[in-house]
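One-letter residues, chain by chain:
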Amino acid sequence: MPPSVSVFGSAGFTGALAARLVLRHPSLELRAVTARSDVGRRLDELYPHHRVPFELEELELDRHADVDAAIVAYPHGAAAPLVAELRARGVRVVDLSADFRLHDPEVYARWYREHEAPDLLGDAVYGLPELYREQIRGAPLVANPGCYPTASLLALAPLARAGLIDDVIIDAKSGVSGAGRGLSDKTHFVAADENVNAYGVPRHRHIPEIEQELAALGADVRITFIPHLVPLDQGELVSCYVTASPVADLEALYEEAYAHEPFVELSSRPPGVRDVRETNICRISVHRDERAGRVIVFAAIDNLWKGAASQAVQNLNLMLGLPEQEGIGPTASEVREAVR
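Rules and cut-offs
Residues numbered from 1 in each chain as written. Predicted model: local features only at pLDDT ≥ 70, side-chain atom pairs only at ≥ 80, totals over all residues. Heavy atoms only, no water. Helix = DSSP H or I, 4+ residues; strand = E, 2+ residues; numbered from the N terminus. Rg over C-alpha atoms; globule rule 2.2 N^0.38 Å. Buried < 20%, exposed > 50% of the residue type's maximum accessible area, 1.4 Å probe, protein only. Contact = heavy atoms within 4.5 Å. Salt bridge = Lys/Arg side-chain N within 4 Å of Asp/Glu carboxyl O. Axes fitted to C-alpha atoms, helices over the stretch in contact; angles between N-to-C directions. Parallel < 35°, antiparallel > 145°, perpendicular 65-115°, else oblique. Nonpolar A, V, L, I, M, F, W, Y, C, P; charged D, E, K, R; others polar. Pairing = 2+ DSSP bridges.

## Here we look at the overall build of the protein chain
Phase 1 of the analysis: A count of helices and strands for the protein chain gives twelve helices and 14 strands.
Phase 2 of the analysis: Radius of gyration (C-alpha) of the protein chain: 19 Å, near the 20 Å computed for a compact globule of 340 residues.
Phase 3 of the analysis: Seen through its principal axes, the protein chain has C-alpha atoms that stretch 60 × 45 × 40 Å.
Phase 4 of the analysis: Each of the 340 residues in the protein chain was classed as buried or not, and the buried ones make up 56%.
Phase 5 of the analysis: Long-range contacts, defined as pairs at least 24 residues apart, comprise 70% of the intrachain contacts of the protein chain with a sequence gap of at least 6.

Below, the structure written as structure tokens:
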């Protein structure tokens, strides 16, 4: 029997996509989809393009937690109690919220709220496979990274590991789906169309997550991170401006870091969000600004895929001992092999 999976919070954009990927996965069985809204509606009625013929059910742990693994797509704060219940029943969990990304509960409290399950923080592995692949294998609880940290950390990791980052400014842009399904003043079509807005200035909640992981890589720096909302439905581009120590061969540094990564693609030209739409690929381009003495790194991802749902399935594959790329192709490595 294939491993069984429930997706909790399937009425939202990322939960619905996660359900679609699990349903079509050749080695997983989608057991149930639950929601806190739209209970009783079929998911293929709510999102016809995902073609998931399951009814959204109200959460009943005795039924829905009788699975091997779960993807939890709840907002921060609401996710932690459910994750704790699932872990108490022995269910492996990929959590899409911010509740288990930060290691220190005091830091979490400063940026979010009091933590609802601090005892589980020590069990959680940060779910960026390119950095923590071996720790994710067999892990009981994986904290799926935020979409902005995914792109930012993949853009900066080679420089951070080499001890080259002195300072960094991250200029990030995302489509309106990154704000979730609920409409707000800034994500309403009339406000977002033909417009660009910065938000979360100067204290966006992804700052401590990015700084935590850069420090773990050897770059203990304070970043400037400014996200912008752009009039796209999905897609994300980060532009990182790095004051860096001299490096002899910048391109070789990135090629060595990502030569064997299935879902990282290097490009000589700055990427666009269409380059990676509906894939699990992060497309990166690195450039040296000799005049200003900076390194400029661009990274593009699909915020709903590599930034959330497909990365969750990538983590689930590792946790369950399945091929990492299964159910979320194509891979960048397959493309590289095809052109050789």
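## As for the pattern of salt bridges
Phase 1 of the analysis: Tallying each qualifying case throughout the model produces 20 salt bridges.
Phase 2 of the analysis: The partner of arginine 113 in a salt bridge is glutamate 116, and the shortest N-O contact between them spans 2.9 Å.
Phase 3 of the analysis: According to the relative accessible area criterion, arginine 113 is partly exposed, its value standing at 37%.
Phase 4 of the analysis: Among the residues examined, glutamate 116 registers a relative accessible area of 43% and is labelled partly exposed.

## Side note on the packing of helix H7 (residues 147–161) against helix H10 (residues 250–258)
Phase 1 of the analysis: The N-to-C vectors of H7 and H10 enclose an angle of 110°; their axes lie 10 Å apart at closest approach. As judged from the angle between their axes, H7 and H10 are roughly perpendicular. On the side of H7, the interface is formed by Leu153, Leu154, Ala155, Leu156, Ala157, Pro158, Leu159 and Arg161, while H10 contributes Leu250, Leu253, Tyr254, Ala257 and Tyr258.
Phase 2 of the analysis: Considering only residue class, the contact of H7 with H10 consists of twelve nonpolar, no polar and one charged.

## Some remarks on the sheet that holds strand S6 (residues 124–126)
Phase 1 of the analysis: Taken in spatial order, the seven strands line up as S3-S2-S1-S4-S5-S7-S6 in an open sheet, and their pairing is parallel. With partners counted over all chains shown, the strands left at the sheet margins are strand S3 (56–57) and S6, one partner each.
Phase 2 of the analysis: Pairing between strand S1 (residues 4–8) and strand S4 (residues 69–72): four bridges, direction parallel. When the bridges of S4 are listed, serine 6 appears paired with alanine 70.
Phase 3 of the analysis: Contacting S1, strand S2 (29–34) and S4, helix H1 (residues 13–24) runs over the sheet at an angle of about 160° to S2.

These results come straight from atomic positions and should not be treated as a statement about function.
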